[in-house]
Amino acid sequence: MSGLLFVITAPSGAGKSSLIDALLAEDRRLKLSVSYTTRAPRPGEANGREYHFVDGQRFLAMLERGEFLESAEVHGNRYGTSEAVIREALARGEDLVLEIDWQGARQVRRLYPACVGVFILPPEVAELERRMRARGQDSDAVIKRRLASAEEEISHAPEFDYVIINKDFDVAKKDLQAIIRVERLRKARA
């Protein structure tokens, strides 16, 4: 029996990573697919845990060999998901979470139309800006650029199977858990 593939997308600052971390901590049957990126690790990140951090030359070589299920350039950095890792994990019956942007989600849906797409929205753009500033990682110019990008990303939310508004973290986490339960039940009944 093959596993389920959950594609979770959100603009930067919407709380996607925090929700996924909480979900994975409580559901040992879910596994996170670790993507490749050319961006530098942030403080506290470890290679192979949050991402596989690679240089641009290695990323492009992997891309040319067709190793990525999806890939995208976001905020000047490249991101990609290993196709072999996804294929093998699903064949073993593992349920996987992909934490990717809308561009990558669109690519994945073409190859895995049965994937379950979830889009996490902030309650409003002003809250998104507040969260970005609270992280203290970016300059005003970078935040303005990310906010403009977020508005464009948000316009793609209707392409997903589910949309969660992350106004209250605990409620959003319960919503995400409910989606996982429903999809597992749907699969078991099929």
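See the structure printed just above.
Residue numbers here run from 1 along each chain, matching the order of that chain's written sequence. At least 70 in pLDDT is required for a residue's local features to be given in this predicted model, at least 80 for side-chain atom pairs to be given and counted, and no such filter applies to totals for whole chains, interfaces and linings, which use all residues. Water and hydrogen atoms play no part in the side-chain values, which are based on all heavy atoms of the structure.

*Asks:* What's the story with the sheet that holds strand 9 (residues 162–165) in this structure? I'm lost.
*Replies:* Adjacent strands of a sheet pair through backbone hydrogen bonds, lying either parallel or antiparallel. A pair of strands counts as paired when DSSP detects no fewer than two bridges linking them. Labels follow the DSSP assignment, with helices taken as runs of H or I lasting at least four residues and strands as runs of E lasting at least two, numbered in each case from the N terminus. Read from one edge of the open sheet, five strands run 2-7-1-8-9, paired in parallel fashion. Here the strands that pair on one side only, and so sit at the sheet edges, are strand 2 (30–32) and strand 9. Neighbour to neighbour, the strand axes of the sheet diverge by 25° on average, direction disregarded. The strands that helix 4 (residues 102–111) touches are strand 1 (5–9) and strand 7 (95–99); relative to strand 1, the one it contacts most, it runs at about 155°. Between N-to-C directions, angles span 0 to 180 degrees; the directions come from axes that are lines fitted to C-alpha atoms, helices contributing only their stretch in contact. Whether two residues touch is decided by their heavy atoms; if any such pair falls within 4.5 Å, the residues are in contact.

*Asks:* Please explain the sheet that holds strand 6 (residues 77–82) as it appears in this structure.
*Replies:* Pairing in this open sheet of four strands is mixed, and the strands run 4-3-6-5 from one edge to the other. In this open sheet, the two edge strands, each paired with only one partner strand, are strand 4 (52–53) and strand 5 (68–74). Judged from the six bridges that link them, strand 5 and strand 6 form a sheet pairing that is antiparallel. Considered in strand 6, the bridge of Phe 68 is made with Ser 82.

*Asks:* Even after reading the chapter, I still don't get the packing of helix 5 (residues 125–135) against helix 6 (residues 140–154), so can you show me in this structure?
*Replies:* Packed helices, taken two at a time, are described by their axes: the angle between them and the distance between them. The interhelical angle for the contact between helix 5 and helix 6, taken along N-to-C directions, is 145°, at an axis separation of 10 Å. Handedness of the helix 5/helix 6 crossing: right-handed. When helix 5 is examined against helix 6, the residues Val 125, Leu 128, Glu 129, Met 132 and Arg 133 are found in contact with a partner set consisting of Asp 140, Ile 143, Arg 146, Leu 147, Ala 150 and Glu 151. The hand of a helix crossing depends on one turn: near helix anticlockwise from the far one by less than a right angle means left-handed, and clockwise means right-handed.

*Asks:* Is there a simple way to think about the packing of helix 1 (residues 16–26) against helix 7 (residues 169–189) in this case?
*Replies:* Across the interface, helix 1 lies against helix 7 with an axial gap of 10 Å and an inter-helix angle of 55°. On the basis of their axis angle, the class for helix 1 and helix 7 is oblique. Of the two elements, helix 1 crosses helix 7, and the hand of that crossing is right-handed. Residues Ser 18, Leu 19, Ala 22, Leu 23 and Glu 26 of helix 1 form the contact with helix 7, whose own contacting residues are Phe 169, Ala 172, Lys 173, Leu 176, Gln 177 and Ile 180. All residues other than Ala, Val, Leu, Ile, Met, Phe, Trp, Tyr, Cys, Pro, Asp, Glu, Lys and Arg, Gly among them, are scored as polar; the first ten of these are nonpolar and the last four charged. Its residues placed into classes, the contact of helix 1 with helix 7 shows seven nonpolar, two polar and two charged. Orientation categories follow fixed angle ranges, with anything under 35 degrees roughly parallel, anything over 145 roughly antiparallel, 65 to 115 roughly perpendicular, and all other angles oblique.

*Asks:* How do you make sense of the side chain of Glu 99 when you look at a structure like this?
*Replies:* Topologically, Glu 99 is positioned in strand 7. Although Glu 99 is buried, it makes no salt bridge; Lys 16 carries the closest opposite charge, 4.3 Å away. One polar contact links Glu 99 to Ser 17, side chain to side chain, over a distance of 2.4 Å. Accessibility here uses a 1.4 Å probe with only protein chains present; expressed as a share of the type maximum, an area under 20% marks a residue as buried, one over 50% as exposed, and anything in between as partly exposed. We count Lys and Arg on the positive side and Asp and Glu on the negative side, and we leave His and both chain ends out. Take a side-chain nitrogen of Lys or Arg and a carboxyl oxygen of Asp or Glu: if they are within 4 Å of each other, that pair is a salt bridge. Pairs of N or O atoms within 3.5 Å make up the polar contacts considered here, provided that, within protein, one atom can donate a hydrogen while the other can accept it, and that residues adjacent in sequence are counted only when both atoms are side-chain atoms.

*Asks:* How should the pairing of strand 7 be read in this particular structure?
*Replies:* Successive residues of a regular strand alternate their side chains across the two faces of the sheet. Strand 7 sits mainly inside the fold: five of its five residues count as buried. By the alternation rule, side chains of strand 7 split into Asp 95, Val 97 and Glu 99 and Leu 96 and Leu 98, which are all buried. Looking at chain direction, strand 1 and strand 7 are connected through four bridges and run parallel. Opposite Leu 5, over in strand 7, you have Leu 96 as the bridge partner. As judged from the three bridges shared by strand 2 and strand 7, these two strands associate in the parallel manner. Looking at the pairing, Lys 31 lines up with Leu 96 of strand 7.

*Asks:* Sorry if this is basic, but what is going on with the pairing of strand 8 (residues 116–121) here?
*Replies:* Burial analysis of strand 8 places six of its six residues in the buried class, the great majority of the element. Along strand 8, one buried face is formed by Val 116, Val 118 and Ile 120 and the opposite face, lined by Gly 117, Phe 119 and Leu 121, is buried too. Here four bridges tie strand 1 to strand 8, and the two strands are oriented parallel to one another. Bridge pairing in strand 8 links Phe 6 to Val 116. Sheet topology note: the strand 8/strand 9 ladder contains four bridges and is parallel. Looking at strand 9, one finds that Leu 121 is bridged to Ile 165.

Interpretation in functional terms is not warranted from these geometric data alone.
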